[in-house]
Amino acid sequence: MQTVEELYQLILQRKSNPEAGSYTDYLFTKGLDKILKKIGEESTEVIVAAKNPSDQEFTYEVSDLVYHVLVLMAERGISVDDVKTELAKREGLMSKTKERREIDKL
Ligand SMILES: N=c1c2ncn([C@@H]3O[C@H](COP(=O)(O)OP(=O)(O)OP(=O)(O)O)[C@@H](O)[C@H]3O)c2ncn1[C@@H]1O[C@H](COP(=O)(O)O)[C@@H](O)[C@H]1O
């Protein structure tokens, strides 16, 4: 099974070593506007699927969106570690905000 990090690494590999028939290469060749168009489409599909009862369909659409977001990150030069670091920073900030809210309630 492929982790998100492994998928990101494979996407980076496709960017530096184009491979015939690769959909990822097709996206990089088309460029940022095409990748952004796909993000828009896939986001809409996630929204529609979230309103439907099928967990399988919802999971499928979320996976499509995650893949396209990873392609966008690679195009913009943002790594999975960059996102992890940002989320880790928020962990501290959010608990402070939560504490603040608890204090404000008193
Ligand atoms: N995870 C994915 C992945 N998720 C979605 N997709 C592609 O995203 C597209 C979404 O479907 P759409 O109908 O919206 O798009 P389309 O009509 O095929 O294409 P467009 O002309 O609209 O762009 C499909 O072609 C899917 O194959 C993916 N393509 C590749 N990967 C992974 O990326 C890695 C590299 O794959 P290649 O680039 O194919 O070598 C491998 O691990 C793959 O499993």
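These remarks concern the structure in this document. (Residues numbered from 1 in each chain as written. Predicted model: local features only at pLDDT ≥ 70, side-chain atom pairs only at ≥ 80, totals over all residues. Heavy atoms only, no water.)

This brings us to the nonpolar core. Counting residues in each nonpolar core, the largest one holds 15 residues, and the members touching the most others are Tyr-8, Ile-11, Phe-28, Ile-35, Leu-70 and Val-71. Those elements giving two or more residues to this core turn out to be helix H1 (4-16), helix H2 (23-30), helix H3 (32-51) and helix H4 (55-76). Ignoring any residue separated from it by four or fewer positions in sequence, one finds Ile-35 in contact with Leu-27, Phe-28, His-68, Val-71, Leu-72 and Glu-75. (Core = buried A, V, L, I, M, F, W, Y, C linked by side-chain atoms within 4.5 Å. Buried < 20%, exposed > 50% of the residue type's maximum accessible area, 1.4 Å probe, protein only. Helix = DSSP H or I, 4+ residues; strand = E, 2+ residues; numbered from the N terminus. Contact = heavy atoms within 4.5 Å.)

Further remarks concern a nonpolar patch on the surface. Nonpolar side chains collect at one region of the surface, where Val-4, Phe-58, Val-62 and Val-66 lie side by side and expose about 270 Å² of accessible area between them. Tallying contributions element by element places H4 first for the nonpolar patch, with three residues. (Patch = residues over 30% accessible without salt bridge, like charges linked within 9 Å, V, L, I, M, F, W, Y side chains within 5 Å. Areas by Shrake-Rupley, 256 points an atom, 1.4 Å probe, with all protein chains shown as cover. Salt bridge = Lys/Arg side-chain N within 4 Å of Asp/Glu carboxyl O.)

Further remarks concern the environment of Thr-3. Within the secondary structure, Thr-3 is located in the segment before H1. The class of Thr-3 is partly exposed, set by a relative accessible area of 39%. For Thr-3 and Tyr-26, which are 23 residues apart along the polypeptide, the C-alpha to C-alpha distance reads 22 Å.

The next thing to look at is the site of the ligand. The immediate surroundings of the ligand are formed by 14 residues, with Arg-14, Ser-22, Tyr-23, Thr-24 and Lys-38 found nearest. The separation between an oxygen atom of the ligand and a polar side-chain atom of Tyr-23 is 2.9 Å. Contact between the ligand and Asp-64: a nitrogen atom at 3.5 Å from a side-chain N or O atom of the residue. In the complex, 59% of the free accessible area of the ligand, which totals 830 Å², lies under the protein chains. Contributing elements (two or more residues each) for the shell around the ligand: H1, H2, H3 and H4. Split by residue class, the shell around the ligand holds five nonpolar, four polar and five charged. (Near = heavy atom within 4 Å. Polar contact = N/O pair within 3.5 Å; in protein donor to acceptor, adjacent residues only side chain to side chain. Nonpolar A, V, L, I, M, F, W, Y, C, P; charged D, E, K, R; others polar.)

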